[in-house]
Structure formats: C-alpha cells, structure tokens
Amino acid sequence: MRDTLLAKFAFRTLGRNPRRTLMSIIGVGVGCSIVLYMTAFTRGGAEMRIRGISESGFGHARIAPATWDKTRDSDLRLEDWERDLDIANGMAGVKFTAPHSRTTALLAFGTRVAGVEMLGVDPESEKNTSRLIRVLSEGRYLEREDEGAVVIGTAIAERLEVELDDDLFITIAGAGGEMKYAMLRIVGIISTGSRTIDSTICHVTLSEMEQLTGYPGVGEITIVFNDPSYIDALTVRLGELLEGPDPVVSWKVVIPSQGGDMGSDAVFMNLLVGVVIVVAVLGVASAQLTAILERKREFAVLIALGMKGGQIVRLILIEAVAMGVLGGAAGLVIGLPFIYPGATQGYNFADMMGGDFVTEGVLFDPIVYADMGMWLIPLAFGIALFSTLVAGLYPAWYALRTNPTSALSLREA
Amino acid sequence: MNTNLVDVKGVTKDFHNGKITVNALRGLDLVIHEGDFLAIVGPSGSGKTTLLNLIGALDVASSGDISIFGHDLMAMSRKQRAELRLTSLGFVFQAYNLIPVLTALENVKFVLELQGVDGGRHERAMSILEDLSLGELANRRPNEMSGGQQQRVAVARAIVARPRLVLADEPTANLDSENSEALLVMMRELRDKHGMTFVFSTHDPLVMAHATRVVTLLDGRVVSDETKNAGDAAGSAN
Ligand SMILES: Nc1ncnc2c1ncn2[C@@H]1O[C@H](COP(=O)(O)OP(=O)(O)OP(=O)(O)O)[C@@H](O)[C@H]1O
Ligand SMILES: [Mg+2]
C-alpha cells in the first residue's frame, strides 16, 4: 500500500465541499439513470421485436434455398430438406424447427375470390413456433394426417362468406407453369386478434402442398433458438454445420425492414446516450475545475514539495473514481424505481397508438417491458466512471500547470 | 563545515508583465555554507522571495549560474528539479503550508510517501513529531491547530526526509512573538544538533537575532553580509 495517503487525501477532499460533491454525484446519477432507463426500454423493445417476429412464425433464422434471398420466389425448394432438418434439430442451442413451403393461391367460394400466400406446414412443429395458430374461433388446427384440409383466418372467411366445413375452390400456378385446381375443406378458422394477419392466413399440410404444386419437398425451415441474444452467432454456427447448398439467414435478412428499424432505434439511443454523457461530463468538469481553482495554493505547495505530475494526476483521478462509484450507485438508486415498474407492468403502446401492432406479417405484443437485469450494474458504474474520469482530465491538466512559486508568495493567493 | 552548499553567481531574474519588465535580481552573488542559519533581509520588493524561489528550484533564473550541492541548477529539467526538491530540499512557507484534509502526522508521512519510502513511514513521522514535542498534535487537522503549531508541524514535514537545506519564506510573518520564538528555537536546535542548513527571508528582528548570518538585499543585489560570531557554536569561516 504505497499510496494510502494519496487515496485518503483524495477521498477526504470529496468531503471538503459536501454540497458540491453531492450535486456532482446527483448530476452523474441522474444522467446515468436516464441512460439506464433508455437502455432498458430499448433492449426491451428489441426483445419484443424479436419475440414478435419469432412468434409470428418467422423464427430467429431460416434455412432457405440459395437464391431465395435475391428472388424471394415462393416456389423455390431446399436441396435436401430432411438432412437440413436433422442437422438443425441436432444442433445445441436450437429450440424448435418448423419446415414450410409456400405458393400463391386464389381461393374461391361461389362468386367471391381472395388471393393469398398459402403456407404448407408440419402441424406439430408449427404449434411450437407460431403463436398465430393458437386461437381458433371455430374448428381445429391441422393435423399431420389431414388430407384436403385447410385452415384460414377469420378475415378471409368473412370476405369469402364461408363457414366451417365449407369447401374452398383453390387455383394455383403449379410446377411447369400449368394451372392446378383443388377443393379443400375448411377445418378451422383462426383468429389472431389482428385483422391484417387474419386476412393472410391460409395453412395446409406439407404433403397437401406437394400435391397441389407438384414441387416436392420443403421451401424453408424456420429455426427458433433457445437464447435470442445469440441469434447471429448461432446462425453462423448452423450455416457451418450445414455446409451445403442451403444457406441460413437470420430474421434480419428475412424481414430486412425490421432489422433496419431495430438498427435505427439503436443509433437514436446511442445518440441520446452520447448527449446525456456529454452534459454530465461538462457539469462535473466545471465543478471539478472550480474545486481545483480553489485549491491552487494547495497544488502549488504539493508541487513545491516535489510531487510529480503523475502523482497529481492520480490524486485527481482517484477523486474522480470515488465520485464515479458514488454517481453510479446514485444512478441505480434513481433509475431502478422507474425501471422496475417498466419491467413488471410494461408500457402499453396500444393505449398510445390504438389498433393492432402489425407490420409485414409480424404481430407485435403492444406491451413493451423494460429489460431489467444484472447488466444494469456494470453499465451504471461504467457510464458514471467514464463521465467522471473524462471530466477529471481537464482539471488535472490545469492543476499540473500550477506555478509552484505561488506557494511561497502570497501574491497569487 | 565550510562546504559550499549553494553557489549563486551573477544571477539576474526579470519578470515581464506585458510591456513592463521588472528586474527583480540584478547580478546577485551569494554562497551558502553547510550549517548556515541565514536570514535574508531587505525592504519589500528587494528580491528575497525571488531568490528563495530560485535556490529552491521552483523558478528559473534569467541569467547567471546557480549550483546546488554541486549540481548546475540551470541545466536541470523540470523533473530533475522536482526530484531535487523532494529529496534534498525542505520548504516552510509563510502560510497555508499544510494539506487541510490530512492530520499533522499524515502531512509529515505524506512527504515520505511521495519519496517512495516503503517501510516505517509511520514510525519515522511520529518520531520527528515527538522530537519536536509535537506528539500531541499528531492526529489534529490543520484547522484544529494554532498558526504557531501549524508552522512547527510544517518544519517537521520539511525535515522528515532529512534534506540538506531548508528554505523558509517569512515563516514567522503570521505568528506572535511567543510562537515565533518557539519556532526559531526549534529550528536553531535542529541546526545546532544535526548541522542542518536553514535559509530564511524575513522582516522579523527575532529571526535576525537567532540567525548566525544576515544577508541584506537591496534592489536585487547583496549590499551586506554579516556573520555573527558571538554565541555561534557551529561557527562560520567568513
Ligand atoms: N511573478 C512576478 N511577476 C512580476 N513581478 C514580480 C513577480 N514576482 C516578483 N516580482 C517583482 O519582483 C520584485 C521582487 O519581488 P520579491 O517578491 O522577490 O520581493 P521580496 O523581497 O520578497 O518582497 P517582500 O518583502 O514584500 O516579500 C518586486 O518588484 C516584485 O514586484
Ligand atoms: Mg517576499
């Protein structure tokens, strides 16, 4: 313990003008708590976005045919979907998988028609990965053995004026461009709570889809990971395991605009955090500078005694660290009472905006929960320490320049 | 004895304040010997403080030569001068000497810490305070001590690192005669017992009375240099 007195000196200096120290600590604490609050909600919002996307049947990632990302052609099929599915199911970190195939279809009943993107599903897998199919206003969801069965959304049912057990007339453009026709019986009508989504849902089994289109196999495999925080790494890992012609893309590629929105949220957040930190730094720096100016003679004496520049800087930085630790603690004390209700009760956007929360087939939960966790602690202390250390640099530099002759004369006192 | 601790030769110091130049020292010569208990006197503005700042390596002369313990002060870097002050010089200032948030003992220990002394700092600091009969003040902060007590603790701090030379700029200026007397007796004892060298600037007749040698400045030059022999056990050749 070579520097015990230096540290004591620094700590006691904080007590010399307790009001100023307290103001600085509260200033850092308030800035810190604003950053914590915003970060907690941004993270909560991102979590909600990813959950909404995943639970709307998009998963966290997707194994898709190589050219799918460019063409977005729903008639494309995977090279070897059964192998892909086995590998994905066998990989650690994968929670659920759901194979899908798609085609564009025209549904008709009497004189009424509706165009939809028809989705071929494995009913068992689908129940794990999509929450859209969980609420049916009538009938039941598909089962693996179903033949000639279809499940549609309530909005489609209303448009076509159909009921349970009615037979829909289906027209699709099949393999080789020839038109194909079929009759499918409505076994269930889905009500997700969103009219937008209910006007798009039209599910059949995978084997039904094969028969209808004449394209064998599966168009894509939706993947849900155990831990959404590692989506990017797990996506890369799965791609390496597959090492085949069928690549894996994350949800950001599947729905690029959602990824872009999340990115711009993050940029906006970082800007705000930057502004808050700059304000805190300037506040603390000016308080510190005043304190140093008041101690000019003291620094002159210290330099006259032979204290080195490095030791003076250390003295001031220890003060800054102490203030940072207290400021970080203040940030948690001020911030947590605001974050806690945000984490437990959430913030309901439906009250503010009204209507459903749907974009591009994603049904969002209108309640955003703040993400409250242990990560708040290092963030609080990190921001507070960063602010007080940066704020200490100019005052430290100023103190270094004190002329030691002013210690001997009363002239400059 | 008789060793030249400090040798000041033809030193000038000019201060420039905008267009006005003040020639604070104008070719000053002075030799300080080991064991001197030297009072530098002279009217206000005659250059006493300026001279102490130069000898104390706190400021740099405009021209001339200063050698201290045989080293050429003019050739030293800022860092070397700081090192010299830390290891070989002790300072007692007119006022506000002590660090207000540290106790008397901590103020003394702090110099040892700055020097990088590792073991026995506490014992060394405490024994200095006790030698100077300041033991009871050890745990008091400066604002809990009188001006005289603070100055004596400042002397303890100045000598704890066993410097070869102690510089004091008007150390008694803020003290009453009783406290001034106590302070001077204490320093004189250190000089008599340990052969420490003290240089004061002062207007105080009491300091002159205790001094073994009195140098008078006028307009930045030495105009008289008297060595007192009576009662000066340590003696001085000049
Ligand atoms: N930093 C400075 N800037 C400008 N002029 C200065 C400075 N320091 C000293 N001087 C001038 O140099 C001259 C000598 O000053 P100095 O402080 O050495 O005198 P002194 O003998 O110590 O006086 P006093 O007895 O009043 O303390 C004075 O004219 C003073 O005004
Ligand atoms: Mg003076």
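The preceding data block contains the structure.
Right, let's walk through the structure included here.

1. Some points on the nonpolar core
Then, in step 1: Core analysis: the biggest nonpolar cluster contains 76 residues, and B:Val6, B:Ile55, B:Ile68 and B:Leu165 have the highest contact counts within it.
Then, in step 2: Sort the elements by how many residues they give to this core and helix 5 (residues 147–159) of chain B lands first, with six residues.
Then, in step 3: If we skip the residues at most four places from it in the chain, B:Ile68 touches B:Leu5, B:Val6, B:Ile55, B:Leu73, B:Leu84, B:Leu89 and B:Leu165.
Then, in step 4: Judged by nonpolar contacts, the second largest core, of 61 residues, contains A:Leu14, A:Phe41, A:Trp251 and A:Ile339.

2. Re the site of ligand 1
Then, in step 1: What surrounds ligand 1 is a group of 15 residues, the closest being B:Ser44, B:Lys48, B:Thr49, B:Thr50 and B:His203.
Then, in step 2: Positioned at a junction of chains, ligand 1 has nearby residues supplied by chains A and B.
Then, in step 3: Between ligand 1 and the protein, one listed contact pairs an oxygen atom with a side-chain N or O atom of B:Ser44 at 2.5 Å.
Then, in step 4: Bound to the protein, ligand 1 loses 74% of the 630 Å² it would expose on its own.
Then, in step 5: At the level of secondary structure, the elements contributing two or more residues to the shell around ligand 1 comprise strand 1 (4–17), strand 2 (20–33) and helix 1 (48–55) of chain B.
Then, in step 6: Among the elements that line the shell around ligand 1, the one with the most residues is helix 1 of chain B, at three residues.

3. Some words on the sheet that holds strand 6 (residues 89–92) of chain B
Residue and element names in this part refer to chain B.
Then, in step 1: As summarised here, the arrangement of the six strands in space is 6-7-8-3-9-10, forming an open sheet in which the pairing is mixed. Two strands in the sheet have a free side with no partner beyond their single neighbour: strand 6 and strand 10 (221–227). Taken pair by pair, the neighbouring strands of this sheet meet at an average axis angle of 20°, ignoring direction.
Then, in step 2: Here strand 9 (residues 213–218) runs beside strand 10; their pairing, made up of six bridges, is antiparallel. Of the residues in strand 10, the one forming a bridge with Val215 is Asp225.
Then, in step 3: Those strands touched by helix 5 are strand 6 and strand 7 (165–169), and its axis lies near 170° from that of strand 6.

4. Things to note about helix 9 (residues 231–242) of chain A
Residue and element names in this part refer to chain A.
Then, in step 1: In this model helix 9 runs 16 Å from its N-terminal to its C-terminal C-alpha over twelve residues, within 8% of the 16 Å that 1.5 Å per residue would give.
Then, in step 2: Along helix 9, the residues classified as buried are Ile231, Leu234, Thr235, Leu238 and Leu242. The buried residues of helix 9 occupy an angular sector of 105° when the element is viewed end-on, so they sit on one face.
Then, in step 3: Looking at the buried residues of helix 9, the elements they touch are helix 2 (18–55), strand 1 (61–63), helix 4 (81–90), strand 9 (220–225), strand 10 (248–250) and helix 10 (251–254).

5. Details of the packing of helix 2 of chain A against helix 15 (residues 376–400) of chain A
Residues and elements named next belong to chain A.
Then, in step 1: Relative orientation of the contacting elements helix 2 and helix 15 amounts to 140°, with a least axis distance of 10 Å. When the interaxial angle is binned, helix 2 and helix 15 end up oblique. Once helix 2 is placed against helix 15, the crossing between them reads as right-handed. Touching Val28, Cys32, Val35, Leu36 and Thr39 of helix 2 are Leu376, Leu379, Ala380, Ile383, Ala384 and Thr388, all from helix 15.

6. Looking at the interface of chain A and chain B
Then, in step 1: With 30 residues of chain A in contact, the opposing surface of chain B contributes 33 residues.
Then, in step 2: Roughly 2,800 Å² is buried in total at the junction of chain A and chain B, and carbon and sulfur atoms are behind 63% of that figure.
Then, in step 3: The interface formed by chain A and chain B contains three salt bridges.
Then, in step 4: Applying the counting criterion to the chain A and chain B interface returns eight residue pairs in polar contact (both at pLDDT 80 or more).
Then, in step 5: Counting residues per element, the ones that place at least two in the side of chain A that touches chain B are helix 1 (4–14), helix 12 (296–305) and helix 16 (405–408) of chain A.
Then, in step 6: Here the residues of the side of chain A that touches chain B sort into 15 nonpolar, seven polar and eight charged.

Calculation notes
- Residues numbered from 1 in each chain as written.
- Chains lettered and ligands numbered in written order.
- Predicted model: local features only at pLDDT ≥ 70, side-chain atom pairs only at ≥ 80, totals over all residues.
- Heavy atoms only, no water.
- Core = buried A, V, L, I, M, F, W, Y, C linked by side-chain atoms within 4.5 Å.
- Buried < 20%, exposed > 50% of the residue type's maximum accessible area, 1.4 Å probe, protein only.
- Helix = DSSP H or I, 4+ residues; strand = E, 2+ residues; numbered from the N terminus.
- Contact = heavy atoms within 4.5 Å.
- Near = heavy atom within 4 Å.
- Polar contact = N/O pair within 3.5 Å; in protein donor to acceptor, adjacent residues only side chain to side chain.
- Areas by Shrake-Rupley, 256 points an atom, 1.4 Å probe, with all protein chains shown as cover.
- Pairing = 2+ DSSP bridges.
- Axes fitted to C-alpha atoms, helices over the stretch in contact; angles between N-to-C directions.
- Expected span 1.5 Å × (residues − 1).
- Arc of directions from axis to C-beta.
- Parallel < 35°, antiparallel > 145°, perpendicular 65-115°, else oblique.
- Left-handed = near helix turned anticlockwise from the far one by under 90°.
- Buried area = accessible area lost by both parts, 1.4 Å probe.
- Salt bridge = Lys/Arg side-chain N within 4 Å of Asp/Glu carboxyl O.
- Nonpolar A, V, L, I, M, F, W, Y, C, P; charged D, E, K, R; others polar.

No statement about biological role is implied by the geometric values presented.
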